[in-house]
Amino acid sequence: EAPELIHRSFPDMKFIYAVRNPFERIISHYLHCLDLGIYSRSMNEILRRDRTLLDRSLYSYQLNQYLRFFNKDRFKILVYEELKASFGTEMRGLFDFLGVDPGFSSEAVRRKVRNKSESRRYIDPNELRFHPDVMERLMPAIVSDVRALEEFMGRPISCWDLSEGRWLS
């Protein structure tokens, strides 16, 4: 319902959609929920029983809910890894999208912000890798969704390593 309600109230809305490697996003979301006490089971156990971590990493699927009401030109996709690597360039592209004066400069634009919500508990890195049976379910959905996102963006997201070997336990 949200996309339709937004469209009714703000038909000229522009959207900034920040995405990151879907596997990294799943791990980060899991660690956040672990810190909050929402999860007490292993990441792989959660992924076997619940689609939430996967579904929230399917960016194209989520984007399509809004494309029913808004044109493609209303969206700016920010890839976290590209933003991290080329902060100034990516911010300039964002400012162009928003129509910010090209001469605008601010200390806040130059400042690097770090993720303050990193897990404070020790987790064996092997626990943050995907078991083969879990990967068998994740990989087709993620690869298909990333391809659709790349098509939307009109370019590949070459900084994302989606190879199975990188993520398997």
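Here, the structure is the one placed above.
Residues numbered from 1 in each chain as written. Predicted model: local features only at pLDDT ≥ 70, side-chain atom pairs only at ≥ 80, totals over all residues. Heavy atoms only, no water.

Regarding the overall build of the protein chain
Secondary structure assignment for the protein chain yields ten helices and two strands. Reading the protein chain from its N terminus to its C terminus gives the helix and strand order α-β-α-α-α-α-β-α-α-α-α-α. If one aligns the C-alpha atoms of the protein chain with their principal axes, the spans along those axes are about 50 × 35 × 30 Å. Counting only residues that meet the buried cut, the protein chain has 36% of its 169 residues in that class. (Helix = DSSP H or I, 4+ residues; strand = E, 2+ residues; numbered from the N terminus. Buried < 20%, exposed > 50% of the residue type's maximum accessible area, 1.4 Å probe, protein only.)

Some thoughts on the pattern of salt bridges
Applying the stated criterion across every chain, the model contains seven salt bridges. In this structure, the salt-bridge partner of Arg 8 is Glu 4, at a minimum N-O distance of 3.8 Å. Of this pair, Arg 8 and Glu 4 both sit in helix 1 (residues 2-9), four residues apart, roughly one helical turn. Of the residues examined, Arg 8 reaches a relative accessible area of 60% and is grouped as exposed. Judged by its relative accessible area of 37%, Glu 4 is partly exposed. Close ionic contact of Arg 155 with Glu 82 constitutes a salt bridge, the shortest N to O distance being 2.7 Å. (Salt bridge = Lys/Arg side-chain N within 4 Å of Asp/Glu carboxyl O.)

What to know about helix 9 (residues 132-153)
End to end, helix 9 covers 30 Å across 22 residues, agreeing with the expected 32 Å (1.5 Å per residue, within 8%). Those residues of helix 9 lying buried are Val 134, Met 135, Leu 138, Met 139, Ile 142, Asp 145, Val 146, Leu 149, Glu 150, Phe 152 and Met 153. In the segment just after helix 9, Gly 154 is the residue with positive phi, at about 75°. (Expected span 1.5 Å × (residues − 1).)

Side note on the nonpolar core
Among the nonpolar cores identified, the biggest contains 39 residues, and Phe 23, Tyr 30, Phe 130, Leu 138, Ile 142 and Trp 160 are the most heavily contacted of them. Looking at this core, the elements with two or more residues in it are strand 1 (15-19), helix 2 (22-35), helix 3 (43-49), helix 4 (52-55), helix 5 (59-67), strand 2 (75-79) and helix 9. Tallying contributions element by element places helix 9 first for this core, with nine residues. Discounting residues that sit within four places of it in the chain, Phe 130 has contacts with Phe 23, Ile 26, Ile 27, Met 43, Asn 44, Leu 47, Met 135, Leu 138, Trp 167, Leu 168 and Ser 169. Grouped together as the second largest cluster of nonpolar side chains are six residues, Leu 78, Leu 83, Leu 94 and Phe 95 included. (Core = buried A, V, L, I, M, F, W, Y, C linked by side-chain atoms within 4.5 Å. Contact = heavy atoms within 4.5 Å.)

Focus on the environment of Pro 156
Structurally, Pro 156 is set in the loop between helix 9 and helix 10 (164-167). Measuring from C-alpha to C-alpha, the distance between Pro 156 and Val 19 comes to 13 Å, with 137 residues separating the pair along the chain.

Quick notes on the packing of aromatic side chains
Taken as a whole and judged by the stated rule, the model has ten aromatic pairs. Ring centres 6.1 Å apart and planes at 85° place the aromatic pair Tyr 17 and Tyr 59 in the edge-to-face group. Within this pair, whereas Tyr 17 is found in strand 1, its partner Tyr 59 is found in helix 5, the two being separated by 42 residues in sequence. Among the residues examined, Tyr 59 registers a relative accessible area of 3% and is labelled buried. Ring plane angle 85° and centroid distance 5.4 Å describe the contact between Phe 95 and Phe 104, whose orientation is recorded as edge-to-face. Note on Phe 95: relative accessible area 9%, which makes it buried. (Phe/Tyr/Trp six-rings, centres within 6.5 Å; stacked < 30°, edge-to-face > 60°.)

Regarding the pairing of strand 2
As a general feature of sheets, a regular strand has side chains that alternate between the two faces. Taking burial as the measure, the five residues of strand 2 include four buried ones, the bulk of the element. In terms of strand pairing, strand 1 meets strand 2 through five bridges, oriented parallel. Note on strand 2: the bridge partner recorded for Tyr 17 is Ile 77. (Pairing = 2+ DSSP bridges.)

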